[in-house]
Structure formats: C-alpha cells, structure tokens
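# Structural description and commentary
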Amino acid sequence: MRNKHMLNIGSLLLLLALAACAALDNGMDLPAKHISAEDLGINPTTCTDCHEARGEKLAFGSFNHTATWGQTHRQQASQNEAVCSMCHQTSFCNDCHNSGSELKPSLKNQGETYRQTPHRGDYLSRHRIDGRVDPTSCFRCHGNPKSAQICAACHG
Amino acid sequence: MTIKKYLRLLLCFSLVLVTCAPLIAAAAELKVQSDTLFRAFSRNTSTETDAAVMPTYEYLQVDLENPDSPGLAFHLYGWGRADLADNDYFKDSTAGELLYGYLEYSQKQARFNARLGRQYVFEGVANESLDGLRLSSDLGKYFSGSVYAGQQVALASVNGRSGDSIYGGRLVNHMAGLYDLGLSYKKIRNDSEDAEEVTGFDMSVYLPHNVNLYGSSSFNLLTDSWAEHSYELTASVGPVSIRPYFQRFQYEDYFGTGANSANPFRFLADSNEQLVVLGSDLTLKVNEAWTLVGKGKNYDYQKLNDSSQYYAAQATWSGEEHSQIGAEIGFMVGDTAQNDYYLVRIFTYWDQLTETCPVDFISSDLVYVGYDQSIYGEDSSLFLSLGTGKKFMDDALELKLSADYSNDPYFDQDLRGMLTASYRFGKSL
C-alpha cells in the first residue's frame, strides 16, 4: 500500500515537472509534420538531399532511407519516434510492426516488392531455422501472450 | 474479438470522432483510407479437404487533424475479417482488432504532446500497444521526456483486465548534432503479478567524419541482470558506407517476462543460453541507380558452444518513383547442418509504364530457398508472385491484383490470389 502511494505521488510529481518544464525553452524545435511528398514534388527518403548530415536541429544523415534501412532503422526509430512521425502515420509502421493482424507483413502489400518487408516467400519453413539461430528477433514482435498466440498452434 | 465487438468499438470511436470534430480547428481535415483485401486459396479444414477459403479483410484508417497547425486531433486504425466461404478455417482466430484509436493534443511550445486511448509506444525499452495516456514534451533546451500509463492491450484476454497495468517513461538529454542519451523504464503487471520490469539506456553519438554510434542496453529488474546490449557504428567514405554491429542477449533475462511469458520463449528463458551476434553491412552506392550491399553476421552460442554465420550480397537498380529491380543471395552456414540454407531472391517493381499501358505498375518476386537438411521430406521452397495495379478517380481509388505460387515443405503447388481495393477520401471541415 505504501509503495502504491509513493508511486502515485512520484507519478504526480513527474507530471507536474513535465508540465512546468514544457513551458520552458523549446528543444530540437522540429515541426510536427514534414512537407508532404506531393507538395515537395519528390519522395523525401534521403534527408541529406536537402538537409545537412549534421544539422543544427538534427543529425539528418542518420535518417537517410538507405538500401538497408528496412532492416536497420531500429535504433533510430526507438530513440526518435517524433522524427518518424513527421512523415509516417503509425499505420505505416503497422504494416510490419503489428502482430495484432493475421496477415504477415509481406502479404498485405504483396505487389509492393520494393518495400523489402520481412517474412517474404515461404517464411513458415524458414522460420524454423531463423528461430533457432536467433529467437530474439522473433520475440520483439511475438513475445507477449497475445502476439504469441500465433506460435501456440505448434509451440504449445 | 468477434465482428460484433469490433463494430461496437468502431461505433464508440465514431461517436468520439463526431463529438470532437467541432473542437478541432476550423481548418481541420478528415482523411479516411479504406483497404479492402479479397483473398482466395484452398486449405484442409476439419470437415473438408481442399476447401475454398475466401477471407475478406477491411483495414480502415481515419485521421481528423489540422495538418498545418498543432491542436486537437483524432487517429484510428483497425481491421476486420469475414470469410466469404464461411467454413471453419478461421474458427480459432480473432476476426478483427482495433490497432489504435486515440485523441491527440499537441502544441508547438516545447513540442508538448498528449495521447489518450489505444496507441503504440515505441521508445527506449517500450515496444507496446496500450490503452492509456502518454505525455511527452521538451524539458528545456537540452532535455525531453515522456511518461505513459494504462493497460497493455496484449493482456486484454488473459483473465480479464483486473490487476493489469503498464507504466513507464523515457528521459533524454540531447545536444543537436552531437549526441542523444536516453534513460527509460517500463513496468507491466499481469493479474496483479509482476510480469516485466525493465530499465534501459540508449544513445546516439555523432562523432567526427560522419561516424555515428548508436546503441541500447536493457536491464531486467526482476532477474537483476542485463538482458540485451545492441550497439552499432555507421561510417561513410564517399560512396561506401559500413555498419558494424554487436549484440549480446542473455536468454534468461531477455525472454524472462514473468507472468507474461509464453511459449516458445518460456522454454528459451530456462535454457540459460547467451547469444553474441557480431556482424557488418557494407554498402556501395555505385551511382544514382545502382546500389550493392554485402552482409556478414556471426551468431555465437556460449552454452551450446555452437555458431552460425549468415552471408548475403544484394544488388539493386532504382529508377524513377518506386521502380526497382533487385537480386539477393544469402547463405546460412554453421556447426549444425540442420540450420544451413541458401536463399535467392529476384524482384522487380516497375511503375514507369507508357500511358498506353492499361496498368500503372507491374511487380514480380521470386524467392528460392534450398535447405541442407530436408523439412518434411522437401529440401527447397519456391515462391513466385506477380502483381499489378491501376489508379482511378484522380488517384483516390487504386485496384491491385496479385497472384502467388508456392511449392514448399508445408504446401504442395499452392496457388493464392488477392484483389485489393484502396480508397482514399479527404475533406476539409
């Protein structure tokens, strides 16, 4: 009971601190939304086409959507959600990061082969090996009781 | 979740939408995107062999916001499924889900943002879907922070929601263009029992000569030990860039999610294994069109005293818009022959077609995998896919058709088809 009160008081203080500090100076001062691809005339996937790699507001070079970006954006995304959301709605991320949908990532947008979505082809067979070699990558999406239901049919 | 429950949820959020619409700035825009997928294939069911299965999926996204200025906004995204063949193929599966639906308030001052409702939180040690509240803000020039609290969506069906909770947050210290250092914390309780309590550290350091260092570590507070270390370096010299990385996972602490644990991960948590991954990507941008990528990765298992390696090479030609032609070849090799395979993928996507062409794009995909040891008597998997599509009504409606063929250890000469109708609607209110 005492721990609960401490937690409530701590949460309240944190919220008050957040609200108070919010009234202070702006930090990175980034816009909420990037200019859209339609208004820009190009698909803005290479940030350094317009911004400096080490800009005053952001290290834009870190967010260039390179040929391996589909497999390597984890650190940038988990540390800079606000940067991703300048261009992407959560639904875009959900195409792959969504174990609440029964369609595997590559299936929902089957024809969009350029998107490099995971689990392409016969992943049912390949996951037997990939899962043995590195189960940590399975866990990120299928690690909670609900998302692991898809594993339960065979893995119990 | 049944269709009835799904429709009830959609109705609730529609009411919220209607109620909140007048509160949102006069220049608000309503955007609706509907993706309807008609699939057809055949499967064995409990009562029939090669029964036709024809699921129809509806993915609906609604956004109500003022794109030009911060303020109040509403976002919703969910899916539902109906099986037109009405057999028992999907009898054990959920028929739909609200993926997110939340009210959002943001202001330019200090980038304050508040979200209330079902939402994804992906920051620091959190990778969660929750029903609750999240607040984030800059905290002066050099700090920013966020806190969230609510109930984990993943626990909704486990003995009800009583005693379930999730809360956490992240504090970041940043110097634009120099570094970002983050500390995060997450706690999940399932039926009043501790399921996860994790704290973590993450960093981005921007070193001289365009060398960047990214990484994160997570510490399992319930097992009192490090669960994961993941660090990578990126460096570019002219057209060549390299990304060496290191990862270390302690299975007991990484998979040990207490009351939340599920198989097969519960079993892995008990194995006391430690996995160390070392690897690197090497990218060569030959010119505006051609990109070559080489990948190498070593998996080392401390307890099993075993290792596996994955090597891959990839070549991609990119044209205007999304046009691409690419090929990839990869090899998994190691101490255990059961894990060895090679993979070949060739894909095309072409949207630079002449105006006389009746479609807007054509795509194809071939994935062939050869296994060193056969799986269910088959030593390979072949997957072929063809797709095309066309836009109508000033690009508001897009119809896409795809067909794929698979011959693999699980399915013998399996043919599947899918028709997708994507409709986008936008209106200024």
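Above this text is the structure in question.
Residues numbered from 1 in each chain as written. Chains lettered and ligands numbered in written order. Predicted model: local features only at pLDDT ≥ 70, side-chain atom pairs only at ≥ 80, totals over all residues. Heavy atoms only, no water.

We now examine the overall build of chain A. Tallying secondary structure elements over chain A gives 10 helices and 0 strands in all. When its helices and strands are written in sequence order, chain A yields α-α-α-α-α-α-α-α-α-α. A total of 156 residues make up chain A; the buried ones form 42% of that total. If you take every contact in chain A between residues at least 6 apart in sequence, the share linking residues at least 24 apart comes to 27%. As presented, chain A carries roughly 8100 Å² of accessible surface, and 60% of it is formed by carbon and sulfur atoms. (Helix = DSSP H or I, 4+ residues; strand = E, 2+ residues; numbered from the N terminus. Buried < 20%, exposed > 50% of the residue type's maximum accessible area, 1.4 Å probe, protein only. Contact = heavy atoms within 4.5 Å. Areas by Shrake-Rupley, 256 points an atom, 1.4 Å probe, with all protein chains shown as cover.)

So, about the overall build of chain B. Of regular secondary structure, chain B possesses 3 helices and 23 strands. Overall, chain B is about 55 × 55 × 55 Å in size when its C-alpha atoms are taken along their principal axes. Here chain B holds 429 residues, and the buried ones make up 49% of them. Within chain B, contacts between residues separated by at least 24 positions form 44% of all contacts whose residues are at least 6 apart in sequence. Summed over all atoms, the accessible surface of chain B reaches about 20200 Å², with 59% contributed by carbon and sulfur. The centroid of the 33 positive side-chain charges in chain B is displaced by 7 Å from the centroid of its 56 negative side-chain charges. (Lys, Arg positive; Asp, Glu negative; His and termini not counted. Charge placed at Lys NZ, Arg CZ, Asp CG, Glu CD.)

Counting residues at the interface gives 120 residues for chain B, matched by 82 residues for chain A. Note on chain B versus chain A: buried area summed over both sides is about 8500 Å², and carbon and sulfur give 54% of it. Contact with chain A buries surface across chain B, with B:Arg111, B:Phe122 and B:Phe265 losing the most and accounting together for 7% of the total. Between the two partners, chain B and chain A, sit 7 salt bridges. In this structure, the salt-bridge partner of B:Arg115 is A:Glu81, at a minimum N-O distance of 3.2 Å. Counting residues per element, the side of chain B that touches chain A draws most heavily on strand 20 (residues 361-375) of chain B, which supplies 8 residues. For the side of chain B that touches chain A, the class distribution of residues is 56 nonpolar, 39 polar and 25 charged. (Buried area = accessible area lost by both parts, 1.4 Å probe. Salt bridge = Lys/Arg side-chain N within 4 Å of Asp/Glu carboxyl O. Nonpolar A, V, L, I, M, F, W, Y, C, P; charged D, E, K, R; others polar.)

The next thing to look at is the nonpolar core. Core analysis: the largest hydrophobic core is formed by 26 residues, its most contacted members being B:Tyr251, B:Phe255, B:Leu275, B:Tyr299 and B:Tyr341. If you tally residues by element for this core, the top one is strand 20 of chain B, at 4 residues. Residues in contact with B:Tyr299, not counting those within four places in the same chain, are A:Val133, A:Asp134, B:Leu275, B:Val276, B:Val277, B:Asp306, B:Ser307, B:Ser308, B:Tyr310 and B:Met332. By size, the runner-up hydrophobic cluster in this structure holds 14 residues, among which are B:Phe41, B:Tyr57, B:Trp79 and B:Met418. (Core = buried A, V, L, I, M, F, W, Y, C linked by side-chain atoms within 4.5 Å.)

Let's shift gears to the packing of aromatic side chains. Residue and element names in this part refer to chain B. If you walk through the whole model with that rule in mind, you get 23 aromatic pairs over all chains. Aromatic side chains tyrosine 206 and tyrosine 214 sit 6.5 Å apart centroid to centroid with 75 degrees between the ring planes, which places their arrangement in the edge-to-face category. Neither residue differs from the other here; tyrosine 206 and tyrosine 214 are each classed as buried. The interplanar angle of 80 degrees and the centroid separation of 5.1 Å between the aromatic rings of tyrosine 254 and phenylalanine 255 together place this pair among those described as edge-to-face. For the pair tyrosine 254 and phenylalanine 255, a shared accessibility class is recorded, and that class is buried. (Phe/Tyr/Trp six-rings, centres within 6.5 Å; stacked < 30°, edge-to-face > 60°.)

Residue and element names in this part refer to chain B. Cis geometry marks the peptide bond from asparagine 263 to proline 264, where omega comes out at 5 degrees. Relative to the assigned elements, proline 264 resides in the loop between helix 2 (251-254) and helix 3 (265-269). A positive phi angle is found at alanine 110, which is not glycine, with a value near 60 degrees. Within the secondary structure, alanine 110 is located in the loop between strand 5 (96-107) and strand 6 (112-123). Take alanine 110: its relative accessible area is 0%, and that puts it in the buried class. Look at histidine 209: it is not a glycine, yet its phi comes out positive at around 60 degrees. Inspection of the secondary structure puts histidine 209 in the loop between strand 11 (193-207) and strand 12 (211-220). Owing to a relative accessible area of 72%, histidine 209 belongs among the exposed residues under this scheme.

Looking at the secondary structure, you find B:Asn263 in the loop between helix 2 and helix 3. Leaving out residues up to four positions away in the same chain, B:Asn263 has contacts with A:Ala148, A:Cys151, A:His155 and A:Gly156.

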